[in-house]
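# A structural walkthrough
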Amino acid sequence: MSSASEPLMTVSGLSSGYGPVTILRDIDISVAPGSVTALVGANGAGKTTLMKAIAGLLPAWSGAIRFDGKDITRVPTHERVGQGIVLVPEGRMVFTLLSVEQNLRLGAITPRARDNIGDRLEAMFKRFPRLQERRRQLAGSMSGGEQQMLAIGRGLMAKPRIVLLDEPTLGLAPIMVKQVFSVIEELKADGYTILLSEQNSRLALEAADHGYIIENGRVQLSGPGRELIDMPDVRRLYLGR
Ligand SMILES: Nc1ncnc2c1ncn2[C@@H]1O[C@H](COP(=O)(O)OP(=O)(O)OP(=O)(O)O)[C@@H](O)[C@H]1O
Ligand SMILES: [Mg+2]
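Attention here is on the structure that accompanies the text.

Thresholds, definitions, all that
Residues numbered from 1 in each chain as written. Chains lettered and ligands numbered in written order. Predicted model: local features only at pLDDT ≥ 70, side-chain atom pairs only at ≥ 80, totals over all residues. Heavy atoms only, no water. Buried < 20%, exposed > 50% of the residue type's maximum accessible area, 1.4 Å probe, protein only. Helix = DSSP H or I, 4+ residues; strand = E, 2+ residues; numbered from the N terminus. Pairing = 2+ DSSP bridges. Patch = residues over 30% accessible without salt bridge, like charges linked within 9 Å, V, L, I, M, F, W, Y side chains within 5 Å. Areas by Shrake-Rupley, 256 points an atom, 1.4 Å probe, with all protein chains shown as cover. Salt bridge = Lys/Arg side-chain N within 4 Å of Asp/Glu carboxyl O. Donors = N, O, S within 2.8 Å, 3.2 Å for Na, K, Ca; no water. Contact = heavy atoms within 4.5 Å. Axes fitted to C-alpha atoms, helices over the stretch in contact; angles between N-to-C directions. Parallel < 35°, antiparallel > 145°, perpendicular 65-115°, else oblique. Left-handed = near helix turned anticlockwise from the far one by under 90°. Nonpolar A, V, L, I, M, F, W, Y, C, P; charged D, E, K, R; others polar.

Another point: the pairing of strand E3 (residues 36-40). In the case of a regular strand, side chains alternate between the two sheet surfaces. Counting buried positions along E3 gives five out of five residues, so the element sits mostly inside the fold. Burial along E3 is two-sided: Val36, Ala38 and Val40 facing one way and Thr37 and Leu39 facing the other are all buried. When E3 meets strand E8 (residues 194-198), the two strands line up parallel, connected through five bridges. Residue pairing for E8: threonine 37 is matched across the bridge by leucine 195. Sheet topology note: the E3/strand E9 (residues 210-215) ladder contains four bridges and is parallel. Across the sheet, residue threonine 37 finds its bridge partner in E9, namely histidine 210.

The subject of this paragraph is a nonpolar patch on the surface. On the surface, Phe95, Leu106 and Ile109 cluster together to form a nonpolar patch covering roughly 270 Å² of accessible area. In this fold, phenylalanine 95 is placed in the loop between strand E6 (85-88) and helix H3 (100-106). With a relative accessible area of 40%, phenylalanine 95 lands in the partly exposed category.

This part takes up the coordination of the magnesium ion (ligand 2). Reference values for coordination geometry: four tetrahedral donors around a metal ideally subtend 109.5 degrees, six octahedral donors ideally subtend 90 or 180 degrees. Thr48 (OG1), Glu90 (OE) and Glu167 (OE) make up the full set of protein donors to the magnesium ion (ligand 2), lying at 1.9 to 2.7 Å. Positions of the donor residues of the magnesium ion (ligand 2), expressed as sequence spacing, correspond to T-x41-E-x76-E. You can see threonine 48 sitting in helix H1 (residues 47-55) and its partner glutamate 167 sitting in the loop between strand E7 (162-166) and helix H7 (174-189), a full 119 residues away along the chain. You can call glutamate 167 buried: its relative accessible area is 5%.

The next subject is the side chain of serine 201. Mapped onto the secondary structure, serine 201 falls in helix H8 (residues 201-207). Leave out the neighbours within four places in its chain, and serine 201 touches Val40, Tyr238 and Leu239.

For any two helices packed against each other, the geometry is given by the interaxial angle and the distance between the axes. Relative orientation of the contacting elements helix H6 (residues 144-157) and H7 amounts to 20°, with a least axis distance of 10 Å. One element, H6, and the other, H7, form an angle in the roughly parallel class. As H6 runs across H7, the sense of the crossing is right-handed. In this structure, H6 contributes Gly145, Glu146, Gln148, Met149, Ile152 and Leu156 to the contact, and H7 contributes Met176, Gln179, Val180, Val183 and Leu187. Across the contact of H6 with H7, the residue classes tally to seven nonpolar, three polar and one charged.

If you want it as structure tokens, here you go:
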């Protein structure tokens with residue numbers, strides 16, 4: 001087990017990409033246990049690619065990923081999930097033709113998460129009352145915001161030790177964006193460790209203990225979220241003023 005002073009996860013010197021195309025170049029990030037860590041940056045900066053590499057959906061070409069003191073660089077995706085590395089993917093990817101409850105139950109299919117499913121399902125419905133109301137409804141019939149809550153709930157059912165939350169506010173109305181950020185705050189208060197990627201840079205950095213600004217597959221700047229917000233260059237280039 002890692003102590004509170006050491007990171008739960010570190011990515012060092014990571015490069016990766018698609019086919020012959022390099023996207024991530026020499027990425028260094030670390031995530032402290034119990035923290036919200038934000039990856040912000042424009043469209044196409046490489047945030048999702050980094051999330052996929054951490055989840056094991058893309059191979060590391062060089063560099064290393066360590067989780068809870070262990071090198072997981074070559075560990076396959078399903079084993080990473082088994083260790084509690086859980087991706088809530090961009091675009092939500094709920095099973096539209098299954099019910100809300102079925103989607104949540106599918107989050108709990110790994111050995112790690114198979115115990116007490118009923119109790120944890122009820123806890124999820126308590127956390128997301130809207131999902132309880134829609135328990136038997138097809139996931140595809142819900143709004144984008146509701147589907148995002150479902151995607152997060154499904155991820156939580158996997159008993160994550162780190163939640164990789166990839167662009168959870170993408171395409172959502174402002175009121176739902178606010179709700180997603182209040183869910184993130186609640187999760188942090190409950191002790192979850194979150195790596196969040198967002199184009200909504202200001203909100204993400206406000207919510208984050210630590211932030212990384214990603215540009216062209218590289219970390220351009222990093223620091224405590226609030227400090228980044230106060231930097232004139234960050235305001236001008238990433239926050240629109
Ligand atoms: N499957 C793929 N094959 C080839 N190139 C890809 C693939 N997916 C993404 N890319 C490219 O990788 C780069 C980084 O994309 P990525 O999706 O990681 O960015 P992002 O920061 O998540 O952007 P967004 O905020 O739009 O989600 C882009 O140039 C994109 O075109
Ligand atoms: Mg993305």
